[in-house]
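Each chain is listed here by its residues.
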Amino acid sequence: MSQNFDSVLNENRVFKPVPATALGFNRWHIDSLEEYKALHAFSINDPAGFWGAEAARLSWFRKWDTVLEWTAPDARWFVGGKLNACYNCVDRHVQAGHGEQTAIVWEGEPVAPRTSHAVAGSKYASEPEIRRLTYRDLQTQTSRLASALKSLGVKKGDVVTIYMPMVPELAIAILACARIGAAHSVIFGGFAPTAISERAIDAESRIIITADGGYRRGDIVPLQKNVEDALALLTNHGHIINHVLVLQRTGHEPPSKRFSTGDTRGSTVMHWWHDAVAQASDACPCVEMDSEDMLFLLYTSGSTGKPKGILHTTGGYLAFVQMTARLAFNLMPDAGQLFWCSADIGWVTGHSYVLYGILMNRVPTLMYEGAPNFPQNDRFWDIIERHRVTQFYTAPTAIRTFMKWGDDLPAKHDMSSLKLLGTVGEPINPEAWIWYQQHIGKGRCPIVDTYWQTETGGHIATPLPGAIPTKPGSCTLPMLGVDAAVVNEQGEVIPANSGGLFVIRKPWPGMLRGIYGNRERFISNYWGRIKDPKTKEPYYFSADGARRDEDGYFWIMGRVDDVIKVSGHLLGTMEVESALVSHPGVAEAAVVGVPHDVKGFAICAFVSLKTHWLKAHSRNPDDSLRQELKEHVAKEVGALARPEHIRFAEALPKTRSGKIMRRLLRDVANGVEKITQDTTTLEDFSVVARLRNDDE
Ligand code: WT7
C-alpha cells in the first residue's frame, strides 16, 4: 500500500530507550516497559480509576459525578463535571503564580536570506519578527477578544469560524472562543473560498475571524479576499454571516480595497480586530462549561464529497490531550523545555499539540508562521538552533523533503538542544525514520511515531519515550487507556503479522462525540462495520489497515476507504472528483492515489471530456487543458488537492451496474504502464474493463 511496504515488512531494527538523564531530561514520566504494561492493563481494567486520576490533573469548577457513561457509540465522560478549556490552558497558570512564564514563542516568516544580510534594500529585515507571550498576556488578550466577541452577539454554544495564518492571534482567537463557551471551527488557511462557505453553512456559523493576509514562502496568502469570495457564495446559499473580524497582519491591500470597521459587505459587518479589542474589557471570566459541552468542530475529509464536522467536547478531550502530550513528549514544566510542533493549527495536530496539550502542561510552545523553505531550505534547523527547541514534532512528508534537500543543511546547525523527535500524519518509511534519527536527532533522540486521527483527539498508538523500544516504521503500542486491536471483518483478533483492520474496542476520553448534524454518517462511518464477535457491541473503526507483529507492535498500512493521504493531508477522492466535474469541459472523473516519494501519495485523476465542449471551444485533451484542470481543482478545493497527474480517457471503465472500476484505475495508475506522454491520445479502457468486469 505505501511505497515502502516491502521495507516495512522486512524491518526488524529495534532501538531501546535510554536513561532520561543521558538526554538531559530530569526523568521519564514512565521509564520501563514493565511499568507501561502494568499501567496499560490497569487503564483497560479500571477505566474509571485510571481516567479519574488523569482528569484530576485538570482544574474543575465542579468535579464530575461519574467518570463514564457508555451506550455505544455514545460516550459521556466526567459526567456532571464543569470546567473551561481556556482556564486550563491559561488562567490556572496565572492563578498559580506562573503568569510571567512564556506560553507561546512565535516567529514570523519574513526574513532576508542569511547570506544576503548586507544586501541593501532587501524587502525583509535580517532578523525575523519574534513575539513571546506569557500566560498573563494570553489571559489579557483572550479576555479582550472574548469581550469583543460577546459584544458582537457571540453566545455560548455558537460556532465561530476561524480562518487565519499561524500568528499568535490565531491561538488567542481559539482560546477566546473557549473562554466564553463558543465552539471554534478552524479552517486551514490553504483552503479555498468554496471550502470556507461549505463549512460555515454546515456549522451554522455566523461569524468569521480572519486576517488581511498571511505570509507563506515570501508570498501573501489572501485570506481576507478568500473570505470575501466565500461571503458571496454564502449569500447565494442564503446563509448570512453577521460579522467578519479581520486581523491586520500584512497591510498589503491597496487603499481602494480597504475597509473601515462598520463597513458592510452585503449583510455582513466588517470589523478590524484592533478596533474590536481596543474598546473591549479585559475582565471576562471563563464560562463554566459542562464536561460534555462542545469545545470545537474540525472538518475532515471523508469518502463522500462533503467534509465531516468532527465534534469534540470539553472534559474528555482536555483530559486525553493533556495526558498524551505529557507522556509521548515527556513534557515537564519548569524544566527548560520548548516544544515545537510544525503543524498548522488548521489541522488537529495543531489543535492538540501546538495548543491545548502543550499549554495545559505549562510548557512553552513554539509557533512558526511560514514555510520550511523560506528564505532557505534550512529554516527549520535555524529555528531549532536559535530558539533552543527541545522537542520537535513534524510529518513524514516533511522529513522526506528535508532528506531530498541534503544532509549538509541540518549539519550546519547546532541542534544539540533537541531531546526528542516526533512524527505524525502518515506511515513513516524506515529510511526516513533512520534519517530523522541520524541527521536531526544525531542518533541521540528517541523518535515517537504517533498514530492518531482528527476523530481520536490525540495519540492512539505511540512509543512512550522512556519505556517502549522503537522499530522504524511502527507506531509501537497503544496509548494508556486505549484498547486498540487489529481484527478481521468479524471483529476477531487475527494472528500476528497478518493484515487486518485497526479498531478501538472501548471508549476513550478524546474520542469524537459525533459528526456535526449527521448522526447517520457518524454511525455508519465509524461504528457500523465491525462488532465485538461475542457481545455484538460496535467497535470504533479507524478506516486504516494494519498488522501487529509478534511483539504486539502496530504497523499502519494506510487507509482502506476512499480517502488519500497527500503530504499527510487527508483528501476525499470524491471532493476532488466533484471539483473536476464542476469544470464545464469535464464529463466524468475518477481519482486514485499513486505512491509518491515525498508526498506519500499523489493524486492521479482520470478524466473523460465532453466532446461537444472540446469542439465548441476548439480545445484538445492536451497539456494546457491538464494545467487548466489542475488549477481548477486548486481553486475549488485548495492547492493541496491539485492533482499530480491528469489522464484523459475516452470513457471511464465501469462495471455492468455502472460503478467506476477504481481498482482497475488504481492498477493502471500504479502499473508498469507509463503516464502517457502523448498528449492527444485518449486512453481506452474498454478492453481491460471487459476483461475485469466480472471480478469487481
Ligand atoms: C489518518 C488520520 C493524526 C493527526 C494528523 C492526521 C494517518 C496519522 C499516522 C502514523 C501511520 C498515520 C492514518 C489516519 N496517520 N498518523 N503515525 N502512522 N498513519 O489526522 O488528517 O485525521 O488523518 O492519518 O491513515 O487514519 P487526519
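The preceding data block contains the structure.
J.: Now, about the site of the ligand: what can you tell me, with residues and values included?
T.: Neighbouring residues of the ligand: 17 residues in total, closest D449, T450, T454, D544 and R559. Note that an oxygen atom of the ligand is positioned 2.6 Å from one of the side-chain N or O atoms of T454. One nitrogen or oxygen atom from the side chain of K565 is found 2.8 Å from an oxygen atom belonging to the ligand. Relative to its free-state accessible area of 540 Å², the ligand is covered by the protein chains to the extent of 95%. Partitioned by chemical class, the residues of the shell around the ligand number seven nonpolar, five polar and five charged.

J.: Could you give an account of helix α3 (residues 33–45), naming the residues involved and the relevant values?
T.: If you check α3, its first and last C-alpha atoms are 18 Å apart, about what 13 residues at 1.5 Å a residue would give, namely 18 Å. When α3 is considered as a whole, its buried residues turn out to be Y36, H40 and S43. Looking down the long axis of α3, one finds its buried residues gathered within 65° of arc, a one-sided arrangement. Exposed residues lying more than 90 degrees from the buried face of α3 are E34, K37, A38 and N45.

J.: Can you explain the packing of helix α4 (residues 47–55) against helix α11 (residues 314–329)? Please cite residues and give values.
T.: It is the contact of α4 with α11, at a shortest axis distance of 9 Å, that shows an interaxial angle of 85°. With respect to their mutual orientation, α4 and α11 come out roughly perpendicular. The segment α4 lies against α11, with F50, W51, E54 and A55 engaging A319, F320, Q322, M323 and R326. Along the lines of polarity and charge, the residues of the contact of α4 with α11 split into six nonpolar, one polar and two charged.

J.: Just give me the short version of the nonpolar core, but keep the residues and values in it.
T.: Of all hydrophobic cores here, the largest spans 170 residues; its most connected members are L149, I162, F329, Y356, L580 and V607. Once you skip the residues sitting within four places of it in the chain, I162 turns out to touch L170, A173, I174, C177, H184, S185, V186, I187 and I209.

J.: Give a detailed account of the pattern of salt bridges, specifying residues and quantitative values.
T.: All told, the structure shown has 38 salt bridges when counted by the stated rule. Between E54 and R326 there is a salt bridge, with its nearest N and O atoms 3.0 Å apart. Within this pair, whereas E54 is found in helix α4, its partner R326 is found in helix α11, the two being separated by 272 residues in sequence. Note on accessibility: E54 and R326 belong to one class, buried.

J.: Go over the packing of helix α7 (residues 168–180) against helix α12 (residues 348–360), please, and point to the residues and values.
T.: Put simply, α7 and α12 touch, their axes get as near as 11 Å, and they point 65° apart. Like other packed secondary-structure pairs, α7 and α12 cross with a definite hand, here right-handed. Where α7 approaches α12, its residues A171, I174, L175 and A178 are matched on the opposing element by L355, Y356 and L359. In terms of residue class, the contact of α7 with α12 is built from seven nonpolar, no polar and no charged.

J.: Could you give an account of the environment of L570, naming the residues involved and the relevant values?
T.: Turning to its location among the elements, L570 is positioned in strand β28 (residues 569–572). Judged by its relative accessible area of 15%, L570 is buried. Separated by 71 residues in sequence, L570 and A641 place their C-alpha atoms 9.5 Å apart. Each residue touching L570, except ones within four places of it in the same chain, is listed here: T300, S301, R559, V563, I564 and K565.

J.: How would you explain the sheet that holds strand β17 (residues 339–341) if you had to name every residue and give the values?
T.: Spatially, the seven strands line up as an open sheet ordered β5-β4-β18-β17-β19-β20-β21, and their pairing is mixed. Of all strands in the sheet, those with a lone pairing partner are β5 (130–134) and β21 (447–450), marking the two edges. Taken pair by pair, the neighbouring strands of this sheet meet at an average axis angle of 20°, ignoring direction. The pairing of β17 with strand β18 (residues 365–368) spans two bridges and is parallel.

J.: Describe unusual backbone geometry, listing the residues and the values that go with them.
T.: Following A72, the chain continues into P73 via a peptide bond in cis, with omega recorded as 0°. In this structure, P73 sits in the loop between β1 (66–71) and β2 (74–79). The amide bond that connects F374 to the next residue, P375, takes the cis arrangement and shows omega of 0°. Within the secondary structure, P375 is located in the loop between β18 and α13 (379–387).

J.: I'd love a proper account of the sheet that holds strand β15 (residues 294–300), names of residues and values included.
T.: Sheet architecture is open: nine strands sit in the order β12-β13-β11-β8-β6-β7-β15-β16-β24, paired in mixed fashion. Every interior strand has two partners, whereas the edge strands, β12 (264–265) and β24 (514–515), have only one. Pairing between strand β6 (residues 159–163) and strand β8 (residues 207–211): four bridges, direction parallel. Residue pairing in the sheet places V160 in a bridge with I207 of β8. Sitting on the sheet, helix α8 (residues 193–203) is in contact with β6, β8 and β15, with an inclination near 140° to β15. Helix-sheet contacts for α12 involve β7 (183–186) and β15, and the interaxial angle to β15 is about 140°.

J.: An account of the environment of K471 is requested, with residue identities and associated values reported.
T.: By the element assignment, K471 lies in the loop between β21 and β22 (484–487). A C-alpha to C-alpha distance of 15 Å links K471 and G441, two positions 30 residues apart in sequence. Aside from chain neighbours lying at most four places away, what touches K471 is R13, V14, W433, D549, D551, Y553 and W555.

J.: Run through the side chain of H271, naming residues and quoting values.
T.: Here H271 is to be found in strand β13 (residues 268–272). Judged by relative accessible area, which is 10%, H271 ranks as buried. Aside from chain neighbours lying at most four places away, what touches H271 is L152, H243, V244, L245, V246, F259 and T261.

J.: Can you break down the packing of aromatic side chains residue by residue, with the values?
T.: Per the stated rule, a full pass over the model turns up 42 aromatic pairs. Geometrically, the ring pair formed by W527 and Y540 is edge-to-face, given 5.6 Å between the ring centres and 70° between the ring planes. Of this pair, W527 sits in helix α17 (residues 519–527) while Y540 sits in strand β25 (residues 540–548); the two residues are 13 residues apart in sequence, bridging distant segments of the chain. As far as burial versus exposure is concerned, W527 and Y540 are alike and both buried. Grouped by ring-pair contacts, the aromatic residues F42, F50, W51, W60, W64, W77, F78 and F320 constitute a single cluster. The positively charged end of R131 is found above the aromatic ring belonging to W106, 5.8 Å away from the centroid.

The rules behind each value
- Residues numbered from 1 in each chain as written.
- Predicted model: local features only at pLDDT ≥ 70, side-chain atom pairs only at ≥ 80, totals over all residues.
- Heavy atoms only, no water.
- Near = heavy atom within 4 Å.
- Polar contact = N/O pair within 3.5 Å; in protein donor to acceptor, adjacent residues only side chain to side chain.
- Areas by Shrake-Rupley, 256 points an atom, 1.4 Å probe, with all protein chains shown as cover.
- Nonpolar A, V, L, I, M, F, W, Y, C, P; charged D, E, K, R; others polar.
- Helix = DSSP H or I, 4+ residues; strand = E, 2+ residues; numbered from the N terminus.
- Expected span 1.5 Å × (residues − 1).
- Buried < 20%, exposed > 50% of the residue type's maximum accessible area, 1.4 Å probe, protein only.
- Arc of directions from axis to C-beta.
- Axes fitted to C-alpha atoms, helices over the stretch in contact; angles between N-to-C directions.
- Parallel < 35°, antiparallel > 145°, perpendicular 65-115°, else oblique.
- Contact = heavy atoms within 4.5 Å.
- Core = buried A, V, L, I, M, F, W, Y, C linked by side-chain atoms within 4.5 Å.
- Salt bridge = Lys/Arg side-chain N within 4 Å of Asp/Glu carboxyl O.
- Left-handed = near helix turned anticlockwise from the far one by under 90°.
- Pairing = 2+ DSSP bridges.
- Phe/Tyr/Trp six-rings, centres within 6.5 Å; stacked < 30°, edge-to-face > 60°.
- Lys NZ or Arg CZ within 6 Å of the ring centre and 35° of its normal.

Fair warning: the whole summary comes from geometry, so function is off the table for now.
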